[in-house]
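# Breakdown of the fold
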Amino acid sequence: MQKPLIYLDHSASTPADPRVVEAMLPYFTEIYGNPSSMHRFAQQSEKAVEQARRTVADILGCQPKEIVFTGCGSESDNLAIRGAVAQSRAKPPHLITSRLEHAAVANTAQQMQDFYGCEVTFLPSDPEGSISVAMLRESLQDNTTLVSLMLANNEIGTILPIPNLAEAAHERGALFHTDAVQAGGQLPLNVHDLNVDMLSLSAHKFYGPKGVGVLYVREGVVLVPSQSGGSHEEGRRAGTLNVPLIVGLAKALEIAEANRESYTTEFSRLRDRLIDGILERVPDSQLTGSRTHRLPSHASFVFKNVDGNLLLMHLDLQGIAASSGSACKTGNPKPSDVLLALGYDENWALGGLRLSVGRQTTDEHINTVLEVLPKEIEKVRSLVAMK
């Protein structure tokens, strides 16, 4: 008898809500005009896009014209960073971020330094992955153009004090961008409460379609577009708008926000069962990230003397889908940069595991994981010891 499949990788992607799929379908076949054209077919598409823009703006607490639709969260991050740095009058411009950021931010910042002469400061964090306002203040300079720090970490789940960090940046005249991709559908996203100038989201993290994202850009912030072409999105992002996916993003965010409290209460309960159960049952295990300032859906660990990629394969054979903190699908996996930045040595950092619950996760799923995981870790440790 085939084992039931258990999906605990919602931080990587979520299944599209059936209501989202239903909302998108007409825009593939019935309402197919290019929203930039003039005729009635186009006007129907344009109306759908602008309604979606208003929906997203209402949830973020901003004006519709401050919403830019992109192809994904990574593109939103790139547009914010490249666009802000390119228009800076500072010579050279200075960018502040951290080594704990998603690669869409960290690698982009590194490239801005290596190829475009931008000064970059990578802030250190405390052992739980948080960044202090005092540390940021010490790093701000007269030529600091942009600070980019994520609202919630994708690998360890830690939530940063973004309003306070943004206030420190603004005191020195710097713009503040936050990658909120992991926070979508789980944390409040009002941009005024967060005090940010730019914010990135990606639909497939909150039960929307893949291939569409959002960048909020505060009115008055000037960005050089990452790609040139037509005057789409008020000249900030050239390219024909993906109407079905934009409609799906707005519907998914609307559903997530309307039910956020009930969803996240259940996520937190299941998450805590995972954390408590794994730490109790698995020797030489540690929770990574903050226990208190943490995403509701997110549980992450390191296990001493465990090959994280090998553990993922063992779990997959048991019907459990998860993620590791180390590089995947390589013959010579390296420890996670995030875990190394937190101070874990290689014997621990190679054994990263991320389990993220979702709307379909049940107590029976958690029971199964708590039964299976300790046995699989013991097997993997035995294999690692034989190498």
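Residues numbered from 1 in each chain as written. Predicted model: local features only at pLDDT ≥ 70, side-chain atom pairs only at ≥ 80, totals over all residues. Heavy atoms only, no water.

## Considering empty space enclosed by the protein
Tallying each qualifying case throughout the model produces three cavities of 30 Å³ or more. Reported here for the largest cavity is a volume of approximately 140 Å³. Taken together, 17 residues make up the lining of the largest cavity; nearest its centre are G184, Q186, K205, Y207 and F267. For the lining of the largest cavity, the per-class residue count stands at six nonpolar, nine polar and two charged. Taken as a whole, the second largest cavity holds about 40 Å³ of empty space. Surrounding the second largest cavity, S98, L100, E101, G129, I131, M150, N153, T158 and L160 form its lining. Residue composition of the lining of the second largest cavity, grouped by class: four nonpolar, four polar and one charged. (1 Å grid on protein atoms, 1.4 Å probe; cavity = no way out; pocket = protein on both sides within 12 Å on 5 of 7 lines; lining within 4 Å. Points joined across faces, edges and corners; volume = space filled by probe spheres on them. Nonpolar A, V, L, I, M, F, W, Y, C, P; charged D, E, K, R; others polar.)

## Digging into the packing of aromatic side chains
Centre-to-centre distance and the angle between the planes together describe a pair of aromatic rings. Per the stated rule, a full pass over the model turns up three aromatic pairs. Ring geometry for Y263 and F267: centres 6.4 Å apart, planes at 10 degrees, overall stacked. Here F267 and Y263 lie together in helix α11 (residues 260–281), a separation of four residues that amounts to about one turn. For the pair Y263 and F267, one class covers both residues: buried. Lying across the ring of F122, R99 places its NZ or CZ 3.7 Å from the centre. Directly above the aromatic system of Y207 lies the positively charged group of R359, at a separation of 3.7 Å from the ring centroid. (Phe/Tyr/Trp six-rings, centres within 6.5 Å; stacked < 30°, edge-to-face > 60°. Helix = DSSP H or I, 4+ residues; strand = E, 2+ residues; numbered from the N terminus. Buried < 20%, exposed > 50% of the residue type's maximum accessible area, 1.4 Å probe, protein only. Lys NZ or Arg CZ within 6 Å of the ring centre and 35° of its normal.)

## Some details on the layout of surface pockets
Taken as a whole, the largest pocket spans an internal volume of roughly 770 Å³. Lining the largest pocket are 37 residues, with E101, H102, A103, N154 and E155 positioned closest to its centre. For the lining of the largest pocket, the secondary structure elements donating two or more residues are α4 (73–86), α5 (103–116) and α13 (337–341). Its residues placed into classes, the lining of the largest pocket shows 11 nonpolar, 17 polar and nine charged.

## Here's the deal with the sheet that holds strand β10 (residues 298–303)
With respect to topology, three strands assemble into an open sheet ordered β9-β10-β12, the strand pairing being antiparallel. The two strands at the open ends of the sheet, each matched to only one other strand, are β9 (285–287) and β12 (352–356). Between one strand axis and the next, the sheet turns by 25 degrees as a mean value, whatever way the strands run. Pairing analysis gives three bridges linking β9 to β10, with the strands arranged antiparallel. Paired with L287 across the two strands is F301, which belongs to β10. Relative to β10, α11 is tilted by about 15 degrees, and along the sheet it contacts β9, β10 and β12. (Pairing = 2+ DSSP bridges. Axes fitted to C-alpha atoms, helices over the stretch in contact; angles between N-to-C directions. Contact = heavy atoms within 4.5 Å.)

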